[in-house]
Number of protein chains: 2
Amino acid sequence: MAAGKNWVLTVTAQTPTNIAVIKYWGKRDEDLILPINDSISVTLDPDHLCTTTSVAVSPAFTHDRMWLNGKEVPLSGVRYQNCLKELRSLANDVEEEEKGIKISKKDWEKLHVHIVSYNNFPTAAGLASSAAGLACLVFSLAKLMNVKEDNSRLSAIARQGSGSACRSLYGGFVKWIMGKEENGSDSIAVQLADEKHWDDLVIIIVVVSSRQKETSSTSGMRETVETSALIQHRAKEVVPKRIIQMEEATKNRDFPAFSRLACADSNQFHAVCLDTLPPIFYMKDTSHRIISCVEKWNRFEGTPQVAYTFDAGPNAVLISHNRKTAAQLLQRLLFYFPPQSEADLNSYVIGDKSILQDAGIQDLKDIEALSPPPEIEDNIPSQKYRGDVSYFICTRPGRGPVVLSDESRSLINPETGLPK
Amino acid sequence: MAAGKNWVLTVTAQTPTNIAVIKYWGKRDEDLILPINDSISVTLDPDHLCTTTSVAVSPAFTHDRMWLNGKEVPLSGVRYQNCLKELRSLANDVEEEEKGIKISKKDWEKLHVHIVSYNNFPTAAGLASSAAGLACLVFSLAKLMNVKEDNSRLSAIARQGSGSACRSLYGGFVKWIMGKEENGSDSIAVQLADEKHWDDLVIIIVVVSSRQKETSSTSGMRETVETSALIQHRAKEVVPKRIIQMEEATKNRDFPAFSRLACADSNQFHAVCLDTLPPIFYMKDTSHRIISCVEKWNRFEGTPQVAYTFDAGPNAVLISHNRKTAAQLLQRLLFYFPPQSEADLNSYVIGDKSILQDAGIQDLKDIEALSPPPEIEDNIPSQKYRGDVSYFICTRPGRGPVVLSDESRSLINPETGLPK
């Protein structure tokens, strides 16, 4: 170790969130977080949804500490502890000649770390912030500690923090292999294809207004495994076939197959939630209306234009075949779910604003002027649901974790080792 | 046949509706209406929910005609035709000496009938009006035609008109045996216990406000059978066990078991609807809130007080253990779902008003004065959903079909053979 006690060594990384298109729901091991089936996800562009985490080590630190979105949070949970313990066991010598810092492999057992993490999207929106967060914690600490294992090995560590976090170690299209080993060593994420493989997909996330507290996914999936009469059939008979078909659809950029599988699997995940005792309802009337809007349009066109998928909450993640269908989708969504009159268009549709331009929407008046989509039956007056959506995020499939070498983006003050 | 052409012979009958507690969803034969699993239902008291049907025969009638709730409706549908054809084949000699009427067995092939039917509850409320309607049509025509087969045999005829109608041929607790024969002859209803066997149950039906048109159960169950990856597992593996357990629970008046099975099976039926492509949503946010209210209370008490079950629509059918729990349930329901201020209590809670008295509710002010139920967590302000419920019906398990011999209750003018 270096002679002085005043140095602080930091690393900053950015990690994306991801949305499963073949769902993870149910653990076979609660401690190691081992799932009852494989799952497949799409990584979302970190420009619009990501976690940024800075980690620091210093001989002056007296214990491990963490700050999330500006607030210190306890690191005592067994899941955090498992991640930290495993990372320390894989740590290596670190030498930074400029600062005269030298950490040997065995020093890591005694050194403490500070972790400072921010999401660039509201945590409360139910957008899998824990997946990006745990992945970023593991990825940035691994870089700090000079852990040499590849991202698949790191994914097995992140998995023990938050199951779906393992899928955030890669960009593009990612499979979480459930594995067979009791110790979970083969329950890892692998990349099926990077984000450039299928780059015309456009993703619109509909954040649905909701004041109700939802069942946490941790307790929800435990209750499903314990009480649903359908979950084992899903995990053993249905998902394995869908995994093969989804890999094929992704490989071939076969949007109709991709869409059918994603929609069916989202619906089946919510079906087994409903088959739980007591039943779990994540989707709301608004979620159902979004599905009906998409299903009606897909049927009208004769081939899927848009896929939908819902995680453990009411928000819709809508995956469009391309920019053109995304603009048409946004028109439909804004027609059915116009903003409150006092809203600001700039905060009602966020992310990639070019989709809004493609849809021909410059201001709120353009939304009010939208005509009903042609698939609406003539004899049924089209109903609008003003205020039922909080906002929309336009995004796309994106890259995996990266180290941000620009010091100015660090969240940690290099003098004090505390949050900036 | 009698010499003159001016006589009209009529029969009037009243038939209950029923609510399944182990659900029928999915046919193995669309024409004969043969189900993919057994089901069990509770017959509802016809004083509050029933169909009254008068049928008439006269040599003056030129073709079969039917009037439903005051409007003439076509009888040309294959389902009606199958019922009429089978009843004619089982008809026998009829002699009414007073009126000098004599119809021989073979005359029925040439004679035409008039059918006039009324529901004592709103058809639009989605309360299985077709079950009571078809059962009543078959039962009353069987009496008119002197059909000698017992109600189980008649149930197989009613089944061909509307599947769940077969269960309305008996009072109390009824099982529809799916049967094995290709011609459907053994797909019949049998009575498990009559309505006196378990007479402290009280049923509250919550009619939920909804403007949306629902998927018809006929097309809904067809789509589920064609597209759900879970329905066959439900029909073959889950339901057979539940049927045995539900028969046992009914026999032993074991309310906790009855409640657990009914709730689980209702939820699983809605789960397979959600697993259908495109997904079918019958329950609304209001339905989910009713379930949460019941689940929270049942958990708080440590043993089930109330069972819930939902058919192909958003309305809840809540089965209370006894009068006391029914009054407590009604207090909870009125607390969460108070009427609009301009409402009339008399039309907001209908049916057996004595439950309202037991709940201590004399007028609308008593509803506003209700305190939050004790199971609400102290730190969560209790939310109210005014206007989300149209009305409540208080009822109980009830008797099977009966002939109404009082001529004044006939819906047919005995002179003209037309609706009164």
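These numbers were taken from a predicted model, which means no experiment stands behind them.

Time to look at the overall build of chain A. Helix and strand content of chain A: eleven helices and 19 strands. For 420 residues, the compact-globule estimate of 2.2 N^0.38 gives 22 Å, and chain A sits close to it at 22 Å. If you line up chain A on its principal axes, its C-alpha atoms span 80 × 50 × 40 Å. Buried positions account for 59% of the 420 residues belonging to chain A. Within chain A, contacts between residues at least 6 apart in sequence are counted, and of these 76% link residues at least 24 apart. With an accessible surface of roughly 17,000 Å², chain A has 48% of that area assigned to carbon and sulfur atoms. Charge-centre separation for chain A: the mean point of 47 positive side chains lies 2 Å from the mean point of 52 negative side chains.

It is worth spelling out the pairing of strand β15 (residues 306-310) of chain B at this point. Regular strands place their side chains on alternate faces of the sheet. Among the five residues of β15(B), five are classified as buried, and the element is accordingly described as predominantly covered. Neither face of β15(B) is left uncovered, since the one carrying B:V306, B:Y308 and B:F310 and the one carrying B:A307 and B:T309 both have all their residues buried.

Counting through the fold element by element, A:L192 comes out in strand β13 (residues 189-193). For the pair A:L192 and A:E98, spaced 94 residues apart in the sequence, the C-alpha separation amounts to 40 Å.

Moving on to the sheet that holds strand β18 (residues 389-395) of chain B. Sheet strands pair by backbone hydrogen bonding; their relative direction is either parallel or antiparallel. Residue and element names in this part refer to chain B. Strands sit in the order β15-β16-β14-β18-β17 across an open sheet of five strands; the sheet is mixed. Where the open sheet ends on each side, the last strands, each with one partner, are β15 and β17 (349-351). Pairs of neighbouring strands in the sheet enclose a mean axial angle of 25°, with direction left out of account. The strands touched by helix α6 (residues 255-274) are β15 and β16 (316-320); relative to β15, the strand with the most contacts, the crossing angle is about 25°. Those strands touched by helix α7 (residues 285-301) are β14 (202-208), β15, β16 and β18, and its axis lies near 160° from that of β15.

Moving on, we come to unusual backbone geometry. Residues and elements named next belong to chain A. With an omega dihedral of -10°, the bond running from L277 to P278 counts as a cis peptide bond. Residue position: P278 is located in the loop between α6 (255-274) and α7 (285-301). With a phi close to 50°, N69 is a non-glycine residue in the positive phi region. Within the fold, N69 resides in the loop between β7 (65-68) and β8 (71-73). A residue is classified by how much of its surface remains accessible, and N69, at 29% relative accessible area, is partly exposed.

A word on the domain arrangement of chain A. Residues and elements named next belong to chain A. Structurally, chain A comprises domain 1 (9-195 + 404-409) and domain 2 (202-395). For domain 1 and domain 2, the distance between their C-alpha centroids amounts to 28 Å. Taken together, the contact pairs 28 residues of domain 1 with 41 residues of domain 2. Summing both sides of the interface, domain 1 and domain 2 together bury roughly 2,800 Å²; the carbon and sulfur share of this comes to 72%. Applying the counting criterion to the domain 1 and domain 2 interface returns three salt bridges. Listing elements by their share of the side of domain 1 that touches domain 2, those giving two or more residues are β2 (18-22), β5 (39-43) and β12 (173-176). Top contributing element to the side of domain 1 that touches domain 2 by residue count: β2, with four residues.

With that out of the way, let us pick up the interface of chain B and chain A. Taken residue by residue, the interface counts 31 residues in chain B and 31 residues in chain A. Around 2,500 Å² of area is buried between chain B and chain A when both sides are counted, 63% of it from carbon and sulfur atoms. In terms of surface lost to chain A, no three residues of chain B exceed B:L230, B:L274 and B:F281, which account for 21% of the buried area on that side. Across the chain B-chain A interface, the total number found is zero salt bridges. On inspection of chain B and its partner chain A, the count reaches six residue pairs in polar contact (both at pLDDT 80 or more). Looking at the side of chain B that touches chain A, the elements with two or more residues in it are α5 (231-251), α6 and α7 of chain B. For the side of chain B that touches chain A, the leading source of residues is α7(B), giving seven residues. When its residues are assigned to classes, the side of chain B that touches chain A shows 13 nonpolar, nine polar and nine charged.

Turning our eyes to something else, we now look at the pairing of strand β18 (residues 389-395) of chain A. Residues and elements named next belong to chain A. Of all seven residues that make up β18, six are buried, and the element is covered over most of its length. Strand direction decides the pairing type here: strand β14 (residues 202-208) and β18, joined by six bridges, are antiparallel. Within β18, the position partnered with V208 by the bridge is V389. Two strands pair when backbone bridges link them, and strand β17 (residues 349-351) and β18 are joined in this way by three bridges, in the parallel orientation. Directly across from I350, in β18, lies its bridge partner I393.

This paragraph deals with α6(B). Since one α-helical turn is 3.6 residues long, residues separated by three or four positions face the same way. Residue and element names in this part refer to chain B. Here α6 contains 20 residues, and its C-alpha end-to-end distance of 28 Å stays within 8% of the 28 Å for a straight helix at 1.5 Å per residue. By the criterion of burial, α6 is predominantly enclosed, with 18 of the 20 residues buried. The N-cap of α6, judged by a side-chain oxygen 3.2 Å from the amide nitrogen of A257 a few residues on, is D254.

In this section: the packing of α7(B) against helix α8 (residues 323-336) of chain B. What describes two packed helices is the angle between their axes and the distance between those same axes. Residue and element names in this part refer to chain B. In the contact formed by α7 and α8, the axes pass within 11 Å of each other and the chain directions differ by 135°. One element, α7, and the other, α8, form an angle in the oblique class. Of the two elements, α7 crosses α8, and the hand of that crossing is right-handed. Note on element contacts: α8 touches α7 through T325, Q328, L329, R332 and Y336, opposite C293, V294 and W297. A breakdown of the residues in the contact of α7 with α8 according to their chemical character gives five nonpolar, two polar and one charged.

Residue and element names in this part refer to chain A. Reading across from one edge, β2-β5-β12-β13 is the order of the four strands in this open sheet, with antiparallel pairing throughout. Only two strands of the sheet have a single partner each, and these edge strands are β2 and β13. Between one strand axis and the next, the sheet turns by 35° as a mean value, whatever way the strands run. Here β5 pairs with β12 via four bridges, running antiparallel. By the bridge assignment, I40 is partnered in β12 with K175. Along the sheet, α6 contacts β2, β5 and β12; its crossing angle with β2, the most-contacted strand, is approximately 95°.

Our next topic: the relation of the copies chain B and chain A. Of the transformation superimposing chain B on chain A, the axial component is 0.0 Å and the angular component is 180°, with the fit at an RMSD of 0.0 Å. Expressed as a symmetry operation, the mapping of one chain copy onto the other fits a two-fold axis. Closest approach to the rotation axis among the C-alpha atoms of chain B is made by B:A271, whose C-alpha sits 2.1 Å away. Looking at chain B, 100% of its interface residues are interface residues in chain A too, so the copies touch through the same face.

Cut-off values and rules
- Residues numbered from 1 in each chain as written.
- Chains lettered and ligands numbered in written order.
- Predicted model: local features only at pLDDT ≥ 70, side-chain atom pairs only at ≥ 80, totals over all residues.
- Heavy atoms only, no water.
- Helix = DSSP H or I, 4+ residues; strand = E, 2+ residues; numbered from the N terminus.
- Rg over C-alpha atoms; globule rule 2.2 N^0.38 Å.
- Buried < 20%, exposed > 50% of the residue type's maximum accessible area, 1.4 Å probe, protein only.
- Contact = heavy atoms within 4.5 Å.
- Areas by Shrake-Rupley, 256 points an atom, 1.4 Å probe, with all protein chains shown as cover.
- Lys, Arg positive; Asp, Glu negative; His and termini not counted.
- Charge placed at Lys NZ, Arg CZ, Asp CG, Glu CD.
- Pairing = 2+ DSSP bridges.
- Axes fitted to C-alpha atoms, helices over the stretch in contact; angles between N-to-C directions.
- Domains from an automatic or database assignment.
- Buried area = accessible area lost by both parts, 1.4 Å probe.
- Salt bridge = Lys/Arg side-chain N within 4 Å of Asp/Glu carboxyl O.
- Polar contact = N/O pair within 3.5 Å; in protein donor to acceptor, adjacent residues only side chain to side chain.
- Nonpolar A, V, L, I, M, F, W, Y, C, P; charged D, E, K, R; others polar.
- Expected span 1.5 Å × (residues − 1).
- Parallel < 35°, antiparallel > 145°, perpendicular 65-115°, else oblique.
- Left-handed = near helix turned anticlockwise from the far one by under 90°.
- Least-squares fit on C-alpha atoms with pLDDT ≥ 70 in both.

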